[in-house]
Amino acid sequence: MTMTESQPEIPVPITVWRLPAAEPGQALPLELARRIVVEYARDGAPMLDLTRDDVLAEAARECGRARVPRTLADFAVGSHRTALIVLCLPRPGFQAGGFFAGCAAKLVPFGRAVVILAGADFVASRMLADAAAPCGLRLVRRIKAFTARHHADVLVFRSG
């Protein structure tokens, strides 16, 4: 166990999901989007989709969940609250602190922010967890998603 200056590091459960490959041009595999929707979207509560394609929209439709597509540019616009926010990284100009502050303002208590990292990057994962903490979001689960050709780290943060 290691210590940061502010608090002891709490072990985060790690799950492995083996998935079929994404279709060409998709940011994430449809099966990964389905699992995120089923695990973290609440019935009747809209989710904010900050991904770059329509895969999450398709998964939401299949699972009967409401989806509100947004871009990072208009993420701060509007006052509706949600139980789930999904974002794929990397993104040019991404500011972790601003993103997590926006999540804290938008998420209902115990809502989830799911960040999908292309590839395994422990340094980026740690940086995201450190940026989320001052905003009241805690890393509660790390998912290793493997396809035949790709690997993604899925980080799940909880509000409240």
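Residues numbered from 1 in each chain as written. Predicted model: local features only at pLDDT ≥ 70, side-chain atom pairs only at ≥ 80, totals over all residues. Heavy atoms only, no water.

Time to look at the nonpolar core. Formed by 26 residues in total, the largest nonpolar core has its most connected members in L32, I36, L84, V114, I116 and V154. Listed by contribution, the elements that provide at least two residues to this core are α1 (30-40), α2 (55-63), β4 (82-89), β5 (107-118), β6 (137-146) and β7 (151-159). Here this core gets 6 residues from one element, more than from any other, and that element is α1. Non-local contacts of V154, meaning those with residues more than four positions away in its chain, are made with L32, I36, V114, V115, I116, R141, R142, I143 and A145. Counting 24 residues, the second largest nonpolar core, distinct from the first, contains F94, F99, L107 and L128. (Core = buried A, V, L, I, M, F, W, Y, C linked by side-chain atoms within 4.5 Å. Buried < 20%, exposed > 50% of the residue type's maximum accessible area, 1.4 Å probe, protein only. Helix = DSSP H or I, 4+ residues; strand = E, 2+ residues; numbered from the N terminus. Contact = heavy atoms within 4.5 Å.)

Averaged over every residue, the pLDDT of the chain is 83; the share at 70 or more is 87%. Here residues 1-8 scores under 50 on pLDDT; set against residues more than four positions off or in separate chains, the count is 6 contacts. (pLDDT = per-residue confidence, 0-100.)

With respect to the element layout, T51 can be found in the loop between β2 (47-50) and α2. T51 gets classed as buried once you look at its relative accessible area, which sits at 9%. Of note is the side chain of T51, whose polar atom sits 2.4 Å from the side chain of D49. (Polar contact = N/O pair within 3.5 Å; in protein donor to acceptor, adjacent residues only side chain to side chain.)

Let's shift gears to the pattern of salt bridges. In this structure the tally under the stated criterion is 6 salt bridges. Linking R35 and E31 is a salt bridge whose minimum nitrogen-to-oxygen distance equals 3.3 Å. Taken together, the positions of R35 and E31, both in helix α1 and 4 residues apart, correspond to about one turn of that helix. Classification of R35 by relative accessible area gives partly exposed; the value is 26%. (Salt bridge = Lys/Arg side-chain N within 4 Å of Asp/Glu carboxyl O.)

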